[in-house]
Amino acid sequence: MKKVVIISSSVREGRKSHRVALFFKKFIESNGYAESEILDLDAYQFPIFHERLKYQKNPPANAVEFAAKVKAADGVIIVTPEYNGGYPASIKNALDLLIDEWRHKPVAISTASDGVFGGSQVITSLQFSLWKIKALTVTAMFPVPKVQDAFDESGTPADAEGVNKRATTFIKELMWFIDCVASTSHS
Ligand SMILES: Cc1cc2nc3c(=O)[nH]c(=O)nc-3n(C[C@H](O)[C@H](O)[C@H](O)COP(=O)(O)O)c2cc1C
C-alpha cells in the first residue's frame, strides 16, 4: 500500500485549515488510494530554523521522526493557509529543515483562506520553494475558500459532492506522479 503524508501547516490558535488535512486523511483512506498520516506542525512545534537537520549535532527526536516520515512517504500533501499573500513561517521552517528527503518527492499543495480566493496566492511561492529543493510539485490545485464554512471541525465538508469531486481529481494527479516516480529506474 502506498503512503501519503499530509503536512498540516497552520500552528495558529483556532486554526481552520487543519480541517482540510483531516478531510484528506479520511478521503484518501476511505477511497483506498493509500495509507495516510497527518504530520501536524502544531504538534511538532519545531524551533525556528537554525540549521538543516542532517548538519545538527544533536537533532531533536521529533525532527528526526518527521524527516523519516517524509522520506518514507510515496507522496506528500501540504495543507497551508495564506498569510499576507504568502505561506506561513511554520511550513518554510519544516521545508528548510530537510534536504534529501524532498528530492523527487511528489508534493501536492492545498491552500486555504477565510476569503473567496482560497489562499491561491500561496501557490506560486510555495511551488518555487519546493522546486528549489527538488520536489516534484503536482500540477493540480486544491484551494479552499471560506475554509471555516467549507469544513466542520472533524473535516466533514459542507458540500460533500462538490468537494469529493474536486478531491478525486486532485488525489488522482498526486497518485499519477507517485506512479511515475515508482516506475522510473533513475535516481
Ligand atoms: C497573519 C494572517 C494573515 C492573513 N492574510 C491573509 C491573506 O493574505 N489572504 C487571505 O485570503 N486571508 C488571509 N488571512 C486569513 C486566513 O486565510 C484565515 O485566518 C484562515 O483561517 C487561516 O488559516 P488557519 O486558520 O488554518 O490559520 C490571514 C490571517 C492571518 C492570521
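Description of the structure in this document.

The rules behind the values
Residues numbered from 1 in each chain as written. Predicted model: local features only at pLDDT ≥ 70, side-chain atom pairs only at ≥ 80, totals over all residues. Heavy atoms only, no water. Near = heavy atom within 4 Å. Polar contact = N/O pair within 3.5 Å; in protein donor to acceptor, adjacent residues only side chain to side chain. Areas by Shrake-Rupley, 256 points an atom, 1.4 Å probe, with all protein chains shown as cover. Nonpolar A, V, L, I, M, F, W, Y, C, P; charged D, E, K, R; others polar. Helix = DSSP H or I, 4+ residues; strand = E, 2+ residues; numbered from the N terminus. Contact = heavy atoms within 4.5 Å. Phe/Tyr/Trp six-rings, centres within 6.5 Å; stacked < 30°, edge-to-face > 60°. Buried < 20%, exposed > 50% of the residue type's maximum accessible area, 1.4 Å probe, protein only. Lys NZ or Arg CZ within 6 Å of the ring centre and 35° of its normal. Core = buried A, V, L, I, M, F, W, Y, C linked by side-chain atoms within 4.5 Å.

### With respect to the site of the ligand
Point 1. Lining the immediate surroundings of the ligand are 13 residues, of which Arg 12, Lys 16, Ser 17, Tyr 83 and Asn 84 lie closest.
Point 2. In the model, an oxygen atom of the ligand is placed 2.6 Å from a nitrogen or oxygen of the Ser 17 side chain.
Point 3. In the environment of the ligand, an oxygen atom lies 3.1 Å from a nitrogen or oxygen atom belonging to the backbone of Asp 114.
Point 4. Considered on its own, the ligand offers 610 Å² of accessible surface; in the complex 74% of this is hidden by protein.
Point 5. For the shell around the ligand, the residue count by class is 3 nonpolar, 5 polar and 5 charged.

### Digging into unusual backbone geometry
Point 1. Phi is positive for Asn 84, close to 50°, though the residue is something other than glycine.
Point 2. Mapped onto the fold, Asn 84 is located in the loop between β3 (75-81) and α4 (89-97).
Point 3. A positive phi is found at Lys 146, a non-glycine position, where the angle reads about 45°.
Point 4. The topology assignment puts Lys 146 in the loop between β5 (136-141) and α6 (147-150).

### Regarding the environment of Phe 177
Point 1. Considering the arrangement of structural elements, one finds Phe 177 in helix α7 (residues 160-183).
Point 2. Expressed as a C-alpha distance, the spacing of Phe 177 and Thr 137, which sit 40 residues apart in the sequence, is 8.8 Å.
Point 3. With residues near it in sequence (within four places) discarded, Phe 177 still touches Pro 106, Leu 136, Thr 137, Val 138 and Thr 139.

### A short note on the packing of aromatic side chains
Point 1. All told, the structure shown has 12 aromatic pairs when counted by the stated rule.
Point 2. When the ring of Tyr 44 is compared with that of Phe 66, the centres are 5.3 Å apart and the planes differ by 75°; the resulting orientation is edge-to-face. With Tyr 44 in helix α2 (residues 41-44) and Phe 66 in helix α3 (residues 61-72), this pair connects stretches of sequence that are 22 residues apart. As far as the burial class goes, Tyr 44 and Phe 66 line up, both buried.
Point 3. Between Phe 46 and Phe 66 the ring centres are 5.3 Å apart and the planes differ by 65°, which places this aromatic pair in the edge-to-face class. Of the two residues, Phe 46 is situated in the loop between α2 and α3 and Phe 66 in helix α3; the sequence distance between them amounts to 20 residues. Neither Phe 46 nor Phe 66 differs from the other in exposure class; each is buried.
Point 4. Three or more aromatic residues joined by ring pairs make a cluster, and in this case those are Phe 23, Phe 24, Phe 27, Tyr 33, Phe 142, Phe 151 and Phe 170.
Point 5. The positively charged end of Arg 166 is found above the aromatic ring belonging to Phe 142, 4.2 Å away from the centroid.

### Concerning the nonpolar core
Point 1. In this structure, Phe 24, Ile 28, Ile 77 and Ile 171 are the most contacted members of the largest nonpolar core, which totals 30 residues.
Point 2. Of all the secondary-structure elements, those providing two or more residues to this core are β1 (3-8), α1 (18-30), β3, β4 (106-112), β5, α6 and α7.
Point 3. Apart from the residues lying within four places of it in its own chain, the contact partners of Ile 28 are Val 4, Ile 6, Tyr 33, Ala 34, Ser 36, Ile 77 and Ile 171.
Point 4. Ranked by size, the runner-up nonpolar core spans 28 residues in total, among them Ile 7, Ala 73, Ile 91 and Leu 98.

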